[in-house]
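Fold and contact review
Chain by chain, the residues:
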Amino acid sequence: MFQEILASYGLQFEDYKIELHGSGLINYTWKVSGTENDYLLQKINTNVFKEPAHIDKNLLELRKFLDQYAPDYLFVSPLPNLKNETMVVVNEGYYRIFPFIKNSKSADYVKYPEEAYQAAKQFGQFAKELDGFDTTKLKYTLVDFHNLPLRVEQFISALKNANPDRLKQATAEIDELTKLDHIATKYQELIQNGKLKERVVHHDTKINNVLVNQQTGEGLCVIDLDTVMPGYYISDVGDMMRTYLSEANEEEKDLTKVAVREEMFFAIYRGYMEEMGEALSESEKEQFIFSGKFMIYMQALRFLTDFLNDDIYYHTAYADHNLVRAKNQIQLLKSYLAAEPIFKTIFQERPAVI
Ligand code: ADP
Ligand code: GN1
Ligand code: MG
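By the naming in an unreviewed UniProt entry, the protein chain is Phosphotransferase, taken from Pedobacter planticolens.

Encoded structure:
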């Protein structure tokens, strides 16, 4: 399979070393190392992305726009093969090859505020560069991806169909998430009342979807662009809150390590607003703090739903992996809710950077 894929790009299989790479939960990713150039080979997870052609089309549209309006912006899109295709199909699998960004690394958790700042700035810049892009040109690669009320419905239907053992194991978490469904109601109201503008949104701004310079830690670019589609900025800011605020990430079993850090909130705020502060409307900015609640709640629901569905969506490594992740996200949400007054103060005291 690798031989056939590489050949379609004019690359000789024998000249490269191929190893699994990264810690993404969805796609299959390999580093293809050669003597001159390295590449990143990726197989699209078609259980998740039912129409890979939509991803391909979106990236081409964005590439065209950026080539014209921001030619110096590092947009990591798939390379064309010898037939000028940016996606190849081999044995019913969909593959693409990206340039491997030299001297780069991604982190799975955030240790220093500077890392949160650099990442937030990258996602802010991404949104800013694409501010003038006509969102109607984008396909929905995952329909209703961040539709929170629908995620609640999926959770309720998983409750009805789950196996009794798993239902029992998750009793406390089911209860907690059910009590918090007012977050979904608020989301619904915001959308219905037109408080948020439809924009080009990345939809997966977790920390390992940013590449930084290996030595200096300076942000280089954002990656994992499969979920770039029309949406609301709170998805991107919210997922940063979800993945940068706590020293431990969603994989952590020791819940005493799962807690928000105020300095990270400010770092996200500063990095994102330095880029997007002028583009966002007042009614959008008002939802900056809600964004974290929205995304952490949705991720807790999604992990718990997958646990109840017997792990059909996320890659898992052990039996109750998704339940552990759900517990972790519930703990994070509690810590976030407790810190909300402090976040409000930070938010009100720092308008200077906008
Ligand atoms: P997934 O959708 O499974 O999360 P990603 O596209 O995020 O897959 O890739 C997985 C990991 O591979 C990233 O977290 C990053 O470490 C690395 N990676 C992805 N693209 C590149 C690239 N172009 N150059 C260098 N590393 C990359
Ligand atoms: C998935 O692909 P990856 O690992 O960056 C998921 C995100 C979740 C995240 C949780 C297409 O992201 O929505 O927030 O896992 N991507 C998709 O870690 O569902
Ligand atoms: Mg990823």
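Still to come is the rest of the account.
**Examining the site of ligand 1**
Close to ligand 1 lie 18 residues, the nearest being Gly22, Gly24, Asn27, Ser106 and Asp224. By residue class, the composition of the shell around ligand 1 is 8 nonpolar, 9 polar and 1 charged. For the shell around ligand 1, the two domains that each supply at least three residues are domain 1 (2-100) and domain 2 (113-353).

**A short note on the site of ligand 2**
Every residue near ligand 2 is listed here: Gly24, Leu25, Ile26, Val48, Asp204, Lys206, Asn209, Asp224, Thr227, Glu250 and Gln299. Here the shell around ligand 2 is composed, by residue class, of 3 nonpolar, 4 polar and 4 charged. Each of domain 1 (2-100) and domain 2 (113-353) gives at least three residues to the shell around ligand 2.

**Remarks on the sheet that holds strand E6 (residues 104-105)**
The strand order E6-E8-E9 describes an open sheet built from 3 strands, whose pairing is antiparallel. Of all the strands in the sheet, just E6 and strand E9 (219-222) have a single pairing partner and so form its edges. Pairing between E6 and strand E8 (residues 210-213): 2 bridges, direction antiparallel. By the bridge assignment for E8, Lys105 is matched with Val212. Running at roughly 45° to E9, helix H3 (residues 113-129) makes contact with E8 and E9 of the sheet.

Reading guide: rules and limits
Residues numbered from 1 in each chain as written. Chains lettered and ligands numbered in written order. Predicted model: local features only at pLDDT ≥ 70, side-chain atom pairs only at ≥ 80, totals over all residues. Near = placed C-beta within 6 Å. Nonpolar A, V, L, I, M, F, W, Y, C, P; charged D, E, K, R; others polar. Domains from an automatic or database assignment. Pairing = 2+ DSSP bridges. Helix = DSSP H or I, 4+ residues; strand = E, 2+ residues; numbered from the N terminus. Contact = placed C-beta atoms within 7 Å. Axes fitted to C-alpha atoms, helices over the stretch in contact; angles between N-to-C directions.

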